[in-house]
Amino acid sequence: MSARDDIFANIRRSLGVKGSETIRRQIVADRLERAPKGVIPQRGQVSGEERIALFKTMVETALATVTEVASPAEVPQSIALFLRNHNLPATLRMGDDPRLQAMPWSETALEIAHGPSEGRDLNAVSHAFGGVAESGTLAMVSGHQNPSTLNFLPDNHIIVVSAKDIAGDYESVWNRVRFAYGKGTMPRTVNWITGPSRSGDIEQTLLLGAHGPRRLHVVVVRD
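Computed from a prediction, not measured in an experiment: that's the story for all the values here.

S.K.: Explanation requested: helix 2 (residues 22–33) in the structure shown.
M.R.: Side chains of residues three or four places apart in an α-helix project in the same direction, reflecting 3.6 residues per turn. With 12 residues, helix 2 should cover 16 Å at 1.5 Å per step; its first-to-last C-alpha distance of 16 Å lies within 8% of that length. With zero of its 12 residues buried, helix 2 lies for the most part at the surface.

Laid out in structure tokens, this is it:
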């Protein structure tokens, strides 16, 4: 037996159960299926244009920048303009996300690289699973489509998010993740990104880029 098996065996012995009782297992299954919700802040409980406006406001409050485009076809030009305005090289690394792949990158002068970052990329773009209006947060699921290395290693991270995927609160996004992936197939990692990386550990002086990108830019797509 492993140490884990020993621990659970001791717990069952102290409770006087075997762990296979039908009623006990059903109670646990019901609890997991219908878990009560915790306290959800009122700020994010808005909809439509108000939710999008709140999301953009909170993104900027978190020291990131945000722009809005009318369709996915406008994303490459928008990103090229962002890089040019910040005097950044016209290079970009991305994963295999089909939504990004379908965009007309050839209409720009951007040099596109694919796959995870090894730490030498200055700029990267990812597509968010969703957004949280109450805090301006982006939900990023790991995988080859949007490698987690792109969230942390490049200096400048650009995140594309569909307006329809912006929810009011974290709980709503978690529900979407569970529904999209199903039990037993959840992504290995879900990263929640709110603004660029920062730290105030040294003399309470805010330093951007302490543990990841020093610049975060969000593109909201009205598809």
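S.K.: Any chance you could explain the side chain of Ser126 here in plain terms?
M.R.: For Ser126, the position within the fold is in strand 4 (residues 123–127). For Ser126, a relative accessible area of 0% gives the class buried. Within polar-contact distance, the side chain of Ser126 engages the side chain of His157 at 2.9 Å.

S.K.: How should the environment of Leu110 be read in this particular structure?
M.R.: The topology assignment puts Leu110 in the loop between helix 5 (98–101) and strand 3 (111–114). We classify Leu110 as buried; its relative accessible area is 10%. Remark: the alpha-carbon pair of Leu110 and Val221, spanning 111 residues in sequence, is separated by 20 Å. What Leu110 contacts, discounting residues up to four positions off in sequence, is Pro76, Ile79, Ala80, Leu83, Ala90, Leu92 and Trp105.

S.K.: Is there a simple way to think about unusual backbone geometry in this case?
M.R.: When glycine is set aside, most residues are seen to have a negative phi, and most peptide bonds are trans. Its identity as a non-glycine residue notwithstanding, Leu63 has a phi of 75°, on the positive side. Tracing the backbone shows Leu63 in the loop between helix 3 (48–61) and strand 1 (65–69). A relative accessible area of 42% places Leu63 in the partly exposed class.

S.K.: Honestly, the environment of Ser148 in this entry has me stumped. Any pointers?
M.R.: Mapped onto the fold, Ser148 is located in the loop between strand 6 (137–141) and helix 6 (149–152). For Ser148 and Arg24, which are 124 residues apart along the polypeptide, the C-alpha to C-alpha distance reads 39 Å. In contact with Ser148, other than residues within four places in its own chain, are Ser142, Thr189 and Asn191.

S.K.: When you look at the sheet that holds strand 6 in this model, what are you seeing that I'm missing?
M.R.: A sheet is described by the order of its strands in space; here four strands give the open sequence 8-5-6-9, paired in mixed fashion. Of all strands in the sheet, those with a lone pairing partner are strand 8 (166–167) and strand 9 (190–193), marking the two edges. Bridge analysis of strand 5 (residues 130–132) against strand 8 gives two bridges, and the strand direction is parallel. From the neighbouring strand, Gly131 faces strand 8, where its bridge partner is Ile166.

S.K.: What should I look at first to understand the pattern of salt bridges in this one?
M.R.: Oppositely charged side chains can pair when the atoms bearing their charge come close. Inspection of every chain in the model, using the stated rule, returns 10 salt bridges. The salt bridge involving Glu68 is made with Lys56; its shortest N-O contact spans 2.8 Å. You can see Glu68 sitting in strand 1 and its partner Lys56 sitting in helix 3, a full 12 residues away along the chain. When the shortest N-O distance is used, the salt bridge between Asp97 and Arg99 registers 2.7 Å. Residue classification places Arg99 among the partly exposed positions, given a relative accessible area of 36%. Among the ionic contacts, a cluster of salt bridges with common partners joins Glu49, Lys56, Glu68 and Arg222.

What counts and what doesn't
Residues numbered from 1 in each chain as written. Predicted model: local features only at pLDDT ≥ 70, side-chain atom pairs only at ≥ 80, totals over all residues. Heavy atoms only, no water. Helix = DSSP H or I, 4+ residues; strand = E, 2+ residues; numbered from the N terminus. Expected span 1.5 Å × (residues − 1). Buried < 20%, exposed > 50% of the residue type's maximum accessible area, 1.4 Å probe, protein only. Polar contact = N/O pair within 3.5 Å; in protein donor to acceptor, adjacent residues only side chain to side chain. Contact = heavy atoms within 4.5 Å. Pairing = 2+ DSSP bridges. Salt bridge = Lys/Arg side-chain N within 4 Å of Asp/Glu carboxyl O.

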